[in-house]
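# Fold and geometry: a report
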Amino acid sequence: MKQISNKLTSGKNTRNIRSRRGKSFGFQILGFGSGGVGAALAPYEAGILVIGGGGGGGGSTGNNGGGGGAGAFVPATVTIDLDTTYPVTVGGGGAGGPPSSGCGGNGSNGGNSGFNSNATLAKGGGFGAGGGCPAGGPSADPGGGSGGGAANPNRSAGSGGSFGNPGGAGGSPPQPGGGGGGAGGAGQASGNGAGGTGSTTPLIPGTFCTGGRSVGSTPSTSNTGNGGECQGKSNKAGLAGGSGVVFISVPATHQPIVTVSPGSNTLEEQPDGSFTAKFITSGTFVTGS
């Protein structure tokens, strides 16, 4: 399982957004007014995590389909200015494919997530292939996530982007299709059809962006970016992928001037007294002064 734990970095006059694999949450107050009780608030550098929606699992017939690929897992460092509105987009999970032969049974790609009009972009995971379809779905850069698993017999997996991994290839019957790729590893080629492992970050409980299995029946949890599962050779529809999520760190000094909307999105206090904005649906992150 991949651990995202490196420290955040900052620089003078930094206003660009830098996506990095290996960043965790944190923040640094920038410029004048950043030191001392009662000082004026200043912009700050925040750690964010943007996760795309997981791809849907493939439908199955006499041949196994593939598992859906996980959405992109994109840590980044951004400068948060005062008196500014930042749009946040949360991608939905891809629908599972119907129990139809060939590519008619493909799942759907997951939806893209983004911060600040997609200046930081996390694409949705690739679809799991329907039983008999030539290949699983890719998740291409920029901001690409994980590819979907392939169907059998002997089909090709979907490729992954910079923030994910490829799906697994399909085997020959009676082996199952390939698992979807995850943020922490590639999907397994046939065998047990396991999805790729997910990723964690120290300041957010849980594991995100796990690839969908090609033989399973467990629905994906919302706001995880997990890939949807194929239900084996059961003539059943594939399962939907998990929707995406966006996290933004907020220092305690700035929490009173930050609002998130709509009401389903939250500001959650952390053990060190800082806060994390959690977006489970598209909305806005707004700073005052």
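Quick note: structure is the one above.
Read on for an overview of the structure. Computed from a prediction, not measured in an experiment: that's the story for all the values here.

## Observations regarding the overall build of the protein
Across its full length, the protein holds zero helices and 15 strands. When the 289 residues of the protein are sorted by exposure, 55% land in the buried category. A total of about 10600 Å² of accessible surface is found on the protein, and carbon and sulfur atoms cover 52% of it.

## Digging into the pairing of strand E13 (residues 266-269)
In terms of strand pairing, E13 meets strand E14 (residues 275-279) through four bridges, oriented antiparallel. Paired with Glu 269 across the two strands is Phe 275, which belongs to E14. In this structure, the hairpin formed by E13 and E14 is closed by a connection of five residues, where Gly 273 is found at a positive phi of approximately 95°.

## Structural notes on the layout of surface pockets
Considered as a void within the structure, the largest pocket measures approximately 190 Å³ in volume. Along the walls of the largest pocket sit Gly 195, Thr 210, Gly 211, Gly 212, Arg 213, Thr 218, Pro 219, Ser 220, Thr 221, Asn 226, Gly 227 and Glu 229, which together make up its complete lining. Classifying every residue of the lining of the largest pocket by side-chain character gives one nonpolar, nine polar and two charged.

## Points about the sheet that holds strand E7 (residues 113-115)
One open sheet holds the five strands; their spatial order is E8-E7-E6-E15-E12, and the pairing between them is antiparallel. Sheet topology places strand E8 (120-122) and strand E12 (258-261) at the edges, where each strand pairs with a single neighbour. Looking at each pair of strands side by side, their axes are set apart by 15° on average, direction ignored. As paired strands, strand E6 (residues 85-89) and E7 are joined by two bridges and run antiparallel to one another. Bridge pairing in E7 places Thr 89 opposite Gly 114.

## Points about the nonpolar core
Counting residues in each nonpolar core, the largest one holds 25 residues, and the members touching the most others are Ile 80, Phe 115, Ile 248, Phe 279 and Phe 285. Counting residues per element, the ones that place at least two in this core are strand E4 (44-51), strand E5 (73-80), E6, strand E11 (245-250), E12 and E14. Not counting chain neighbours up to four residues away, the residues in contact with Phe 279 comprise Val 88, Val 90, Val 245, Val 246, Ile 248, Val 260, Ser 261, Asn 265, Thr 284 and Phe 285. Counting residues in each nonpolar core, the second largest holds ten residues, with Ile 51, Ala 183, Cys 209 and Val 245 among its members.

## Digging into the packing of aromatic side chains
Taken as a whole and judged by the stated rule, the model has three aromatic pairs. Summarising the aromatic geometry, the rings of Tyr 86 and Phe 115 are spaced 5.3 Å apart at their centres and angled 20° between planes, so their arrangement reads as stacked. In this pair, Tyr 86 sits in strand E6 while Phe 115 sits in strand E7, placing the two residues 29 residues apart along the sequence. Here the two residues Tyr 86 and Phe 115 agree in accessibility, since each one is buried. Plain terms: the ring middles of Tyr 86 and Phe 285 are 6.3 Å apart, the flat faces sit at 55° to each other, and that makes the pair tilted. Separated by 199 residues along the polypeptide, Tyr 86 in strand E6 and Phe 285 in strand E15 (residues 283-287) bring together distant segments of the chain. Just as Tyr 86 is buried, Phe 285 falls in that class too.

## Some details on the side chain of Ser 249
Note that Ser 249 resides in strand E11. There is a polar contact of 3.0 Å between the side chain of Ser 249 and the backbone nitrogen of Gly 47.

## Section: unusual backbone geometry
For the peptide bond that leads from Asp 141 to Pro 142, omega is 0°, which places it in the cis range. With respect to the element layout, Pro 142 can be found in the loop between E8 and strand E9 (199-201). Looking along the chain, the bond that leaves Ser 261 and enters Pro 262 is cis, with omega of -5°. Within the secondary structure, Pro 262 is located in the loop between E12 and E13. In this structure, Asp 83 is a non-glycine residue whose phi angle is positive, near 50°. Summarising the element assignment, Asp 83 is placed in the loop between E5 and E6.

## Description of the pattern of salt bridges
Inspection of every chain in the model, using the stated rule, returns one salt bridge. Across the salt bridge formed by Glu 229 and Arg 213, the nearest N and O atoms sit 2.7 Å from each other. Of this pair, Glu 229 sits in the loop between strand E10 (204-208) and E11 while Arg 213 sits in the loop between E10 and E11, placing them 16 residues apart in sequence. Judged by relative accessible area, Glu 229 falls into the buried class, the value being 8%.

Calculation notes
- Residues numbered from 1 in each chain as written.
- Predicted model: local features only at pLDDT ≥ 70, side-chain atom pairs only at ≥ 80, totals over all residues.
- Heavy atoms only, no water.
- Helix = DSSP H or I, 4+ residues; strand = E, 2+ residues; numbered from the N terminus.
- Buried < 20%, exposed > 50% of the residue type's maximum accessible area, 1.4 Å probe, protein only.
- Areas by Shrake-Rupley, 256 points an atom, 1.4 Å probe, with all protein chains shown as cover.
- Pairing = 2+ DSSP bridges.
- 1 Å grid on protein atoms, 1.4 Å probe; cavity = no way out; pocket = protein on both sides within 12 Å on 5 of 7 lines; lining within 4 Å.
- Points joined across faces, edges and corners; volume = space filled by probe spheres on them.
- Nonpolar A, V, L, I, M, F, W, Y, C, P; charged D, E, K, R; others polar.
- Axes fitted to C-alpha atoms, helices over the stretch in contact; angles between N-to-C directions.
- Core = buried A, V, L, I, M, F, W, Y, C linked by side-chain atoms within 4.5 Å.
- Contact = heavy atoms within 4.5 Å.
- Phe/Tyr/Trp six-rings, centres within 6.5 Å; stacked < 30°, edge-to-face > 60°.
- Polar contact = N/O pair within 3.5 Å; in protein donor to acceptor, adjacent residues only side chain to side chain.
- Salt bridge = Lys/Arg side-chain N within 4 Å of Asp/Glu carboxyl O.

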